[in-house]
Amino acid sequence: MKIAIINGPNLNLLGKREPGIYGSASFESFFDQLQQSHPHILFSYFQSNIEGDLVDELQRKGFEWDGIVMNPGAYTHTSVAIGDAVAAIKTPVIEVHISNVHAREDFRKISHVSAKCRGTISGLGLYGYELAVLALSLNKD
Ligand code: DQA
């Protein structure tokens with residue numbers, strides 16, 4: 001099984017960025033552990049601060065890979081293009097947010113991506129990515 005993880009803007013700063021909200025672990029160290037605990041799954045990891053690069057990665061992975069776990073970061077709340085890309089591809093996408101976006105500013109309650117996704121996980125920290133992987137691996141068609 002092949003699962004792609006895609007992170008949007010500023011998520012390269014996990015561990016350093018507002019640790020009270022996003023925690024003190026880097027994504028790279030979490031990703032190492034994720035790979036070790038699921039040796040039967042082939043993972044890819046892509047992060048970009050650029051909207052079009054995230055659309056390109058969704059298109060690259062979205063027809064051959066079995067699942068995508070995506071945290072679009074702030075583009076969640078602004079990007080029609082990312083929502084359209086998720087709708088356009090065949091691979092199921094699970095949207096993950098580290099923080100509980102519904103407990104924060106009102107603009108974070110809007111997502112252009114959620115309605116196109118298989119499901120959304122918000123507020124469970126990095127554990128949300130692990131749960132998304134589990135859901136995709138159980139849901140394999
Ligand atoms: C985030 C929530 C977004 O509102 C924010 O812009 C992010 C991170 C999260 O993982 O909690 O960059 O997607």
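Remember, predicted model here, so these are calculated numbers, not experimental data.

Q: Where do I start with the overall build of the protein in this structure?
A: When helices and strands are counted, the protein shows five helices and five strands. When the helices and strands of the protein are read in sequence order from the N terminus, they spell out β-α-α-β-α-β-α-β-β-α. For 141 residues, the compact-globule formula gives about 14 Å, and the C-alpha radius of gyration of the protein, at 14 Å, lands near that figure. Residues counted as buried form 47% of the 141 residues belonging to the protein. For the protein, the share of sequence-separated contacts (at least 6 apart) that also reach a separation of at least 24 residues comes to 75%. Looking at the protein as shown, the accessible area adds up to about 6,900 Å², and 52% of this sits on carbon and sulfur atoms. Side-chain charges of the protein comprise 12 positive and 15 negative groups, with the mean position of each set lying 2 Å from the other.

Q: What should I look at first to understand the sheet that holds strand β2 (residues 42-47) in this one?
A: Paired through backbone hydrogen bonds, the strands of a sheet run either parallel or antiparallel to each other. Read from one edge of the open sheet, five strands run β2-β1-β3-β4-β5, paired in parallel fashion. The open sheet terminates on both sides in strands that have one partner only, identified here as β2 and β5 (119-122). Taken pair by pair, the neighbouring strands of this sheet meet at an average axis angle of 20°, ignoring direction. In the sheet, strand β1 (residues 2-7) pairs with strand β3 (residues 67-71) via five bridges, with the strands oriented parallel. Residue pairing for β3: Ile6 is matched across the bridge by Met70. Strands β1 and β2 of the sheet are contacted by helix α2 (residues 27-37), whose axis makes an angle of about 170° with β2.

Q: Looking at this model, I keep getting lost on unusual backbone geometry. Mind explaining?
A: Most peptide bonds take the trans form, and the phi angle of most residues other than glycine is negative. Although it is not a glycine, Asn10 sits at a positive phi angle of roughly 75°. Structurally, Asn10 is set in the loop between β1 and α1 (19-22). Despite not being glycine, Glu18 shows a phi value in the positive range, around 35°. Position of Glu18 among the secondary structure elements: in the loop between β1 and α1. Taking relative accessible area as the criterion, Glu18 reaches 44% and is therefore assigned partly exposed.

Q: Mind showing me how you'd approach the site of the ligand here?
A: Surveying the vicinity of the ligand reveals the residues Arg17, Tyr22, Asn71, Gly73, Ala74, His77, His97, Ile98, Ser99, Val101 and Arg108. Within the side chain of Asn71, one N or O atom sits 2.8 Å away from an oxygen atom of the ligand. For the ligand, whose free accessible area comes to 320 Å², the fraction covered by protein is 99%. Given that more than half its atoms are within 2 Å of the pocket grid, the ligand belongs to the largest cavity. Each residue belonging to the shell around the ligand can be placed in one class, and the counts come to four nonpolar, five polar and two charged.

Q: It is not clear to me how the pairing of strand β4 (residues 93-97) should be interpreted in this structure. Could you clarify?
A: When a strand is regular, its side chains alternate between the sheet's two faces. Among the five residues in β4, five count as buried, and that is most of the element. Residues of β4 alternate between two faces, with Val93, Glu95 and His97 on one and Ile94 and Val96 on the opposite face, all of them buried. In this sheet, β4 lies alongside β3 in parallel orientation, the contact comprising three bridges. When the sheet's bridge partners are listed, Ile68 is paired in β4 with Val93. Crossover handedness for the path β3 to helix α4 (residues 80-88) to β4: right-handed.

Reading the values: rules and limits
- Residues numbered from 1 in each chain as written.
- Predicted model: local features only at pLDDT ≥ 70, side-chain atom pairs only at ≥ 80, totals over all residues.
- Heavy atoms only, no water.
- Helix = DSSP H or I, 4+ residues; strand = E, 2+ residues; numbered from the N terminus.
- Rg over C-alpha atoms; globule rule 2.2 N^0.38 Å.
- Buried < 20%, exposed > 50% of the residue type's maximum accessible area, 1.4 Å probe, protein only.
- Contact = heavy atoms within 4.5 Å.
- Areas by Shrake-Rupley, 256 points an atom, 1.4 Å probe, with all protein chains shown as cover.
- Lys, Arg positive; Asp, Glu negative; His and termini not counted.
- Charge placed at Lys NZ, Arg CZ, Asp CG, Glu CD.
- Pairing = 2+ DSSP bridges.
- Axes fitted to C-alpha atoms, helices over the stretch in contact; angles between N-to-C directions.
- Near = heavy atom within 4 Å.
- Polar contact = N/O pair within 3.5 Å; in protein donor to acceptor, adjacent residues only side chain to side chain.
- 1 Å grid on protein atoms, 1.4 Å probe; cavity = no way out; pocket = protein on both sides within 12 Å on 5 of 7 lines; lining within 4 Å.
- Sits in = over half its atoms within 2 Å of the grid points.
- Nonpolar A, V, L, I, M, F, W, Y, C, P; charged D, E, K, R; others polar.
- Right-handed = clockwise from strand over helix to strand, strands pointing away.

All we've got here are geometric facts, nothing functional implied.
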